[in-house]
Amino acid sequence: MSIIVSKFGGSSLADGNQFRKVKDILLSDNRRKFVIPSAPGKRNSKDFKITDLLYLCQAHIESSIPLDDVFNLISNRYKAIVYELDLSLDIDIYLNEIKKDIENGASKEYAASRGEYLNGIILANYLDFKFIDAKDVIIFNKYGSLDNEATYKALKNTLSNYEKAVIPGFYGCDPLGNIVTFSRGGSDITGALVAASMNADLYENWTDVSGFLMADPKIVENPMQIKKITYRELRELSYMGASVLHEDSVFPVRNAGIPINIKNTNLPSDPGTLIVKDMEPDYNNPIKGIAGKKDFTVISIEKAMMNSELGFCRKVLSILEQNCVSFENMPSGIDTVCVVISDSQLNNKIDILVDEIKRACNPDSIVVHPNMALIATVGNGMSSNKGIATKIFSSLSDSNINIRMIDQGSSEINILIGIENDDFEKGINSIYKAFI
Ligand code: ASP
């Protein structure tokens, strides 16, 4: 019997009406056996996320301020959900206990985790599925990192006893019994771990958009949806800023070869985006997506015969390392090498880096280009396909955009270009229009 693991994000469980949609989705396919809920998200743009309110409650207590007003916002949200679903569940018992724990100094991670915990209890009650507390199956080590082996063992041992179950996302427990959370958005990781441990056929990730779009809709008007994409392509796009999924959630399912389907709770008939291990390149539609980020600095170093000077790049990289600066890219030519660094990494260290590189490497010239943006054009149909780079470069030149840097990853599924920050939006639109 095949198994589908379904994770629902905060907007999919923000109120009673959303819970109803989730139930319809789950009951419409009997293979949907294991469900991972997030905490209730925003119902509209002015609303609060429950997780944020829980962090706030704990911060109140830490600063010796009463939490009643904030906690009431949380209680009211859960009580309204229970009321709207007409459940006989006594949610007050749980709410009172959590309030008392936070007042008595429970940790920040414990407080934050209660959003998923309560949503899990309500959802399990509503669906008549078994509730499994994530503290018993998502195991962290004493250093706060996930213990993969123990987690898989606990998940397999526990879940195989139940036909259908709800496991709250985002948290687990360390060997001392302390609640530990993943980083924000971490319910995606719980879902991936459940899917991998149960050897599921599919990991569904339900949210409020129909999967990935080929470009950021805030930049390109009505970009096309990506129907199918490989894990590798997705990683390239996510790294450059396109995000729907928590980055760490990809690895457990990717290693197990389980596809992920990003689906829209508000439009369940839409096929969404399917993320798979491998797929045949589509040479007629070679581009899967275009993503990018602003605010990089490029240090461009030139020295005649650099390519024959042993250890030149190593010296440059050790200077970065000694100053705790990581770099994004390092395209090089015969006599030149560029180091691309995100401004968030630089922290005003540019003068120190330049001085140290001058001293250690004695270059003919070293030039700093600030305010750079990077744009990645990604697709596995690019490899062995002629004319893709030409199309990207002509589209930018037709839009009067100067290209400062070009880098094609060795996998040939990504062409990265560096342009001025000011040209970023125009650049993404030009490339998009060249292919679509
Ligand atoms: N509720 C947590 C957050 O807001 C985790 C999640 O939704 O995945 O980050």
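Below or above, wherever it landed, is the structure these notes cover. (Residues numbered from 1 in each chain as written. Predicted model: local features only at pLDDT ≥ 70, side-chain atom pairs only at ≥ 80, totals over all residues. Heavy atoms only, no water.)

**A few points about the pairing of strand β9 (residues 260-264)**
Point 1. Within β9, five of the five residues are buried, leaving the element largely enclosed by the surrounding structure.
Point 2. Residues of β9 alternate between two faces, with Ile260, Ile262 and Asn264 on one and Asn261 and Lys263 on the opposite face, all of them buried.
Point 3. Examined bridge by bridge, strand β7 (residues 202-207) and β9 share five bridges and lie parallel to one another. Of the residues in β9, the one forming a bridge with Asn205 is Ile262.
Point 4. As judged from the three bridges shared by β9 and strand β10 (residues 273-276), these two strands associate in the antiparallel manner. Within β10, the position partnered with Ile262 by the bridge is Thr273. (Buried < 20%, exposed > 50% of the residue type's maximum accessible area, 1.4 Å probe, protein only. Helix = DSSP H or I, 4+ residues; strand = E, 2+ residues; numbered from the N terminus. Pairing = 2+ DSSP bridges.)

**Observations concerning the pattern of salt bridges**
Point 1. For the structure shown, the criterion picks out 16 salt bridges.
Point 2. Put simply, Asp52 and Arg184 hold a salt bridge, and the shortest N to O gap is 3.0 Å. With Asp52 in helix α2 (residues 50-62) and Arg184 in the loop between β6 (179-181) and α7 (187-197), this residue pair connects regions lying 132 residues apart in the sequence.
Point 3. Look at Asp52 and you get partly exposed, because its relative accessible area is 34%.
Point 4. Between Asp68 and Lys99 there is a salt bridge whose closest N-O contact spans 3.0 Å. Placement of the pair is Asp68 in helix α3 (residues 68-84) and Lys99 in helix α4 (residues 91-103), with a sequence separation of 31 residues.
Point 5. Within this structure, Arg43, Asp47 and Arg77 form a network of salt bridges that share partners. (Salt bridge = Lys/Arg side-chain N within 4 Å of Asp/Glu carboxyl O.)

**As for helix α13 (residues 388-398)**
Point 1. When α13 is considered as a whole, its buried residues turn out to be Ile388, Ile392, Ser395 and Leu396. Down the axis of α13, the smallest arc covering the buried residues is 95°, so these residues share one side. Opposite the buried face of α13, by more than 90 degrees, sit the exposed residues Thr390 and Asp398.
Point 2. In this structure, the buried side of α13 is in contact with β13 (365-378), β15 (414-420) and α14 (424-435).
Point 3. Count one or two residues on from α13 and you reach Asn400, which has phi positive near 65°. (Arc of directions from axis to C-beta. Contact = heavy atoms within 4.5 Å.)

**Description of the packing of aromatic side chains**
Point 1. Per the stated rule, a full pass over the model turns up five aromatic pairs.
Point 2. Taken together through their ring pairs, the aromatic side chains of Tyr94, Tyr117 and Phe131 make up a single cluster.
Point 3. In this arrangement the basic side chain of Lys23 is found over the ring face of Tyr126, its NZ or CZ atom lying 4.3 Å from the centre.
Point 4. When the ring centre of Tyr171 is taken as origin, the NZ or CZ atom of Arg114, which lies over that ring, is 5.2 Å away. (Phe/Tyr/Trp six-rings, centres within 6.5 Å; stacked < 30°, edge-to-face > 60°. Lys NZ or Arg CZ within 6 Å of the ring centre and 35° of its normal.)

**A few points about helix α10 (residues 312-322)**
Point 1. Turning to α10, its buried residues are Phe312, Val316, Ser318, Ile319 and Leu320.
Point 2. Buried residues belonging to α10 abut β11 (289-302), β12 (336-342) and α12 (350-361).
Point 3. Downstream of α10 by one or two residues, Cys324 has phi in the positive range, about 55°.

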